[in-house]
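# Commentary on secondary and tertiary structure
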Amino acid sequence: SADSLDLAVLAPVGELLHFCVQLTDLYSRDVGSHCFNRQLTLPPWLDALMRLVIGPDAQYQGTIGQYPGITIGRLTVTPNLGSELFALGYHLLNLLAVSLTILLFSFLIYRPVRNALAPSKAMLDTLKRMENGDLGARMPTLALIELDRIGQGFNHLAERLQQTIGSQQKLAHRLLTAREEERLHLSRELHDEFGQYLTSLNAEASYAMELADDSLPALRPCADAIGRTVNHLMEVLQQILHRLRPIGLDQFGLESSLRQLAEHWNQRHHHVHFRLHTDGSLDQLDDNLAVTIYRIVQESITNNIRHGRAAIVDIDIRRRDAHIHLNIIDDSPSTGERSSGIDMPKGSGFGLLGMEERVLALGGRLQILARAPQGILIDVVLPISAPGGETT
């Protein structure tokens, strides 16, 4: 009969699967039940919730036969909800304990590693400052002896680099000053000496033409030739003087000279318009600084006329925080081959190389950038104080 069955034989399986077994006899009478692993009674609401979550399919019913064809009872297998819930809670607690242990070990490892690597941020910041042109950037004093030695070596190299670049800038500034003084002296000598002689020759040629008109007609071709030659020499002399020294810069100042330059080219060429914008006094600047600004603007205008296809060129000069900010912006169309005059082609007289030499000699910065959707920006920043420490 069903009540004589021994359910203990299912104990090994019950330890693994956590289930309950209920036996009924042939007349559906309860003759025995047993829950394996743990016998836990859940609160009614929790038991109902677990059964709702698991569903009605989580049970098995089968018949028990003693002889072939003879049924003596029925076996019903259901999950041991209390034991399963206990095992689940146990595993979750273990998982939580392992997670907390891992977090604790991670924290204990992270703090020393973080303290050891903390100086790297200061080192990277110093390298970034140096990369951006701050030659005064230095490594701080570091706690680790090895890193501090690296920082001291970097500071020594940075100091040597700063001294070398400073010496080069001072030398370049002296050379620039000497060159401008020589050009100024040469332009004055040419103007005073050759100008006077050419003026005298022109007067003599005019007198010879008067004599030819009065009594010596055969002298007229020679006098005309001398007059044309003298006029040509005077034009060439004016061009040479203009290349040696900007005309009117000493007498009228930088701002007036730039406005006269822009108006001159606006009157001569109508396909491009040059607009000058200034902010701050520009007439008390150092001679080298004033000449450099004038030459950069002059070269940009000249190359826009010769090679550019811009309709408007804006020249913006601002005096801010002991620096002169010069921006020259054109609206030249973007093509496969850059056609803006700001590209400074070879043979332009001053050119990009001359720009860079002058700007670096004055301790400044020069950038040439493409603008969106079209156009070119030439950006120049020049310190009002000379590299040698002289202020203007």
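Everything below is about the structure shown above.
The text that follows walks through the structure, step by step, so that each part is easy to find. (Residues numbered from 1 in each chain as written. Predicted model: local features only at pLDDT ≥ 70, side-chain atom pairs only at ≥ 80, totals over all residues. Heavy atoms only, no water.)

Turning our eyes to something else, we now look at the overall build of the chain. Scanning the chain from N- to C-terminus turns up nine helices and nine strands. For the chain, the residues scored as buried account for 32% of the 392 residues in total. Looking at the chain alone, contacts between residues at least 24 apart form 62% of all its contacts between residues at least 6 apart. (Helix = DSSP H or I, 4+ residues; strand = E, 2+ residues; numbered from the N terminus. Buried < 20%, exposed > 50% of the residue type's maximum accessible area, 1.4 Å probe, protein only. Contact = heavy atoms within 4.5 Å.)

Running from N to C, helix α7 (residues 254-268) and helix α8 (residues 287-306) cross one another at 10°; their axes reach a closest spacing of 10 Å. It follows that α7 is roughly parallel to α8 by the angle criterion. In this structure, α7 contributes Leu254, Ser257, Leu258, Leu261 and Trp265 to the contact, and α8 contributes Ala290, Ile293, Tyr294, Val297, Gln298, Ile301 and Ile305. Across the contact of α7 with α8, the residue classes break down as 10 nonpolar, two polar and no charged. (Axes fitted to C-alpha atoms, helices over the stretch in contact; angles between N-to-C directions. Parallel < 35°, antiparallel > 145°, perpendicular 65-115°, else oblique. Nonpolar A, V, L, I, M, F, W, Y, C, P; charged D, E, K, R; others polar.)

The full count for this structure, using the stated rule, is 10 salt bridges. For the salt bridge of Asp224 with Arg220, the shortest nitrogen-to-oxygen distance reads 3.2 Å. Pair noted here: Asp224 and Arg220 are both in helix α5 (residues 220-244), with a separation of four residues, about one helical turn. Overall, the relative accessible area of 21% leaves Asp224 in the partly exposed class. By sharing partners, the salt bridges in this structure join Asp279, Asp316, Arg318 and Arg320 into a single network. (Salt bridge = Lys/Arg side-chain N within 4 Å of Asp/Glu carboxyl O.)

In a regular helix each residue adds 1.5 Å, so 20 residues correspond to 28 Å; α8 covers 28 Å between its end C-alpha atoms and thus fits that length. With 18 of its 20 residues buried, α8 lies for the most part within the structure. For α8, the side-chain oxygen to backbone nitrogen distance between the N-cap and Asn288 is 3.0 Å, and the N-cap itself is Asp286. (Expected span 1.5 Å × (residues − 1). Polar contact = N/O pair within 3.5 Å; in protein donor to acceptor, adjacent residues only side chain to side chain.)

Together, Leu104, Phe105, Phe107, Leu108, Ile109, Val113 and Leu117 give the surface a local cluster of nonpolar side chains, amounting to about 710 Å² of exposed area. By secondary structure assignment, the location of Val113 is in helix α3 (residues 81-131). (Patch = residues over 30% accessible without salt bridge, like charges linked within 9 Å, V, L, I, M, F, W, Y side chains within 5 Å. Areas by Shrake-Rupley, 256 points an atom, 1.4 Å probe, with all protein chains shown as cover.)

Moving on, we get to the sheet that holds strand β6 (residues 312-320). Ordered in space as β5-β6-β7-β9-β8, the five strands form an open sheet in which the pairing is mixed. A strand with exactly one partner marks an edge of an open sheet, and here the two such strands are β5 (273-279) and β8 (365-370). Direction aside, neighbouring strands of the sheet carry axes that sit 10° apart on average. On the sheet, α7 packs against β5 and β6 and is oriented at approximately 165° with respect to β5. Helix-sheet contacts for α8 involve β5, β6, β7 (323-330) and β9 (376-383), and the interaxial angle to β7 is about 5°. (Pairing = 2+ DSSP bridges.)

Summarising the element assignment, His273 is placed in strand β5. Assessed through its relative accessible area of 40%, His273 is described here as partly exposed. The spatial distance from the C-alpha of His273 to the C-alpha of Ile312 is 4.9 Å, given a sequence separation of 39 residues. Once you skip the residues sitting within four places of it in the chain, His273 turns out to touch Asn266, Ala311, Ile312 and Val313.

The next point concerns the nonpolar core. Leu254, Ile293, Val297, Ile315, Ile317, Ile324 and Leu326 are the most contacted members of the largest nonpolar core, which totals 36 residues. Of all the secondary structure elements, the ones that give two or more residues to this core are α7, β5, α8, β6, β7, α9 (351-361) and β9. If you tally residues by element for this core, the top one is α8, at nine residues. Among residues more than four places away in sequence, those in contact with Val297 are Leu258, Leu261, Ile315, Leu326 and Ile328. (Core = buried A, V, L, I, M, F, W, Y, C linked by side-chain atoms within 4.5 Å.)

Inspection of the secondary structure puts Ala158 in helix α4 (residues 145-214). For Ala158 and Met130, which are 28 residues apart along the polypeptide, the C-alpha to C-alpha distance reads 8.6 Å.

For Ser257, the position within the fold is in helix α7. With near-sequence residues (within four places) excluded, Ser257 lies in contact with Ile247, Gly248, Leu249 and Tyr294.

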